[in-house]
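# Observations on the model geometry
Listed below are the residues making up each chain.
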Amino acid sequence: MKKNTIVSMQDIVMSFSGNQVLKKVNFELEKGEVHAIMGANGAGKSTLIKILNGIYHAVSGTIIIDGERVSINSPSDAEKLGLAFVHQELNVCQDLSVAENMYMGNMRRTSLGTYDKKGTHQRAKQLLELMGVDIDPYVNMRYLRTAEKQIVEILKALTQDAKVVVLDEPTSSLNEREKQKFFEIIQNMKDKGVSIIFISHFLEDIMAICDRVTVIRDGVNSGLFYKGKFTKDELVDAMMGQKKVVEQAKVPTISDDAEIALELSSLCRKNKFKDISLKVKKGDILGICGLLGAGKTELARTIFGLDYYDSGKIVLFGEEIKPEPYKMVKKGVSLLTEERKSEGFVPLLSIRENATMSILSQFKKMFVLDRNQQNKTAELLANKMTVKMSGIEQTVGSLSGGNQQKVVIAKCLANEPKLFILDEPTRGVDVYAKSEIYNLLRKAAAEGRTILIFSSELEELLENCSQIVVLKKGKIQKVVKSAETSKNELLSIMG
């Protein structure tokens, strides 16, 4: 172990219900470096970090912090050792303000020792401005979108006097502008000697910000890479264990006389979006993007009927409709929500139960559930989505974040939707699994299904969509053809 090593995890072994998920994994973090941990979904990345945070307790292995062997039995032990964590699944207090979440346990005090609300919120406002994000520090967390909550969680870690900050998929809901600002803050932290563990599936982010990369595959170390001395393909090979050919996406081509599947006319919702008019043809894949606050998620939820709209009209398959979720499901519409944890699945139910939740009526015979048929369908869906699992009876809450996302997509696809609305569909999903999801979506489009992708990943939209609608401050700024547009041009339009 080097002199400037601040964290050393040696021969870490971890098992769940007899299933060994970490097999003598080693990891070292030096002072003032950004060290990435990469791996496919279910490789053991988050498990390793939860051991460092005291959420899980390793079967065996050694943890050394600042040269001293330590026992971390709880998150409070980790905090005392100078470790701050931002987990992939966000943990926020919904009924406290943004500022109170950011400074929880570290709020400003008056000279009398009481809570200084004004001072705490002023400090929060300064940090939010530094990030370049327009979020009111006084607003309650429950009124924020997932991306905004993620930013608050990141800033919360920055408010702690931490020697090590651990970031699990920190950029998964950030757009390009927010990422660049975030990277500037990371660089400032590095300059001050703070060490950062960066867990991500975004290869571009890893190559831009990280000094070293440790790859874990199936619970074992699979490679250690140094900045400037590796390629994207080498990282993917180390993660997957063999060369995986990622198919080049083919943008769908739709004829001019194709049937209109969905039409929005002058759709308005106060303070969210205004005068949204667009037509989506049957078999098309249409992308929608925009900066934080552009109205992207709000529009997706409104089309499905989860949120209201003030004026305008929605025409679905030639019929004007006032959307309500149960109506939309009956008419062949599925929504993949951005809020995976709170709205996408039931954590304590099994993969079998979650994946087949939307089609239970198919398995009923004389009011009795045909478990054999349900099992076969669940197995088929899980295998189609390459869910890494011990079996279909494993609870979805015990899966990695990326595998949870695969189960949610499987549940949506089970209903064989005619219109599939996806909000941030590949959040937390590894690079190869992304390509498999894209293939499934393109195949569905080729079969005549219509797909709307609401995403902050511009490459995702450019590779898979025929056209991209750019939203800005709740209005359509421009509609562009993917084949004729670059990422930089999209950024320019969004900004």
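Before going into details, it helps to say that this report is about the structure given with it. Note that the structure is a prediction, hence the values are computed from the model and not measured. (Residues numbered from 1 in each chain as written. Predicted model: local features only at pLDDT ≥ 70, side-chain atom pairs only at ≥ 80, totals over all residues. Heavy atoms only, no water.)

Here we come to the layout of surface pockets. Put simply, the second largest pocket is a space of about 1000 Å³. Considering the residues around the second largest pocket, the lining is formed by 42 residues, among which Phe16, Thr47, Ser398, Leu399 and Ser400 are closest to the centre. Of all the elements in the fold, those that place two or more residues in the lining of the second largest pocket are strand S2 (19-30), helix H1 (45-52) and helix H14 (401-414). Across the lining of the second largest pocket, the residue classes break down as 10 nonpolar, 23 polar and nine charged. (1 Å grid on protein atoms, 1.4 Å probe; cavity = no way out; pocket = protein on both sides within 12 Å on 5 of 7 lines; lining within 4 Å. Points joined across faces, edges and corners; volume = space filled by probe spheres on them. Helix = DSSP H or I, 4+ residues; strand = E, 2+ residues; numbered from the N terminus. Nonpolar A, V, L, I, M, F, W, Y, C, P; charged D, E, K, R; others polar.)

Below, the discussion takes up the nonpolar core. Residues Met102, Val165, Phe198, Val213 and Leu235 are the most contacted members of the largest nonpolar core, which totals 51 residues. The element best represented in this core is helix H5 (residues 146-159), accounting for six residues. One finds Leu381, Cys412, Phe420 and Leu462 within the second-largest nonpolar core, a separate group that totals 43 residues. (Core = buried A, V, L, I, M, F, W, Y, C linked by side-chain atoms within 4.5 Å. Buried < 20%, exposed > 50% of the residue type's maximum accessible area, 1.4 Å probe, protein only.)

Glancing now at the side chain of Glu100. Among the structural elements, Glu100 can be located in helix H3 (residues 98-102). Despite being buried, Glu100 has no salt bridge partner; Lys117 is the closest side chain of opposite charge, sitting 5.4 Å away. A polar atom in the side chain of Glu100 sits 2.9 Å from the backbone nitrogen of Ser97. Among all residues touching Glu100, those that are not within four sequence positions of it are Met107, Tyr115 and His121. (Lys, Arg positive; Asp, Glu negative; His and termini not counted. Salt bridge = Lys/Arg side-chain N within 4 Å of Asp/Glu carboxyl O. Polar contact = N/O pair within 3.5 Å; in protein donor to acceptor, adjacent residues only side chain to side chain. Contact = heavy atoms within 4.5 Å.)

Turning our eyes to something else, we now look at the sheet that holds strand S7 (residues 164-168). As summarised here, the arrangement of the six strands in space is S6-S7-S8-S3-S9-S10, forming an open sheet in which the pairing is mixed. The sheet is open, and its two edges are formed by strand S6 (83-86) and strand S10 (220-226), each paired on a single side. Taken pair by pair, the neighbouring strands of this sheet meet at an average axis angle of 15°, ignoring direction. The sheet contact formed by strand S3 (residues 34-38) and strand S9 (residues 212-217) spans four bridges and is parallel. (Pairing = 2+ DSSP bridges. Axes fitted to C-alpha atoms, helices over the stretch in contact; angles between N-to-C directions.)

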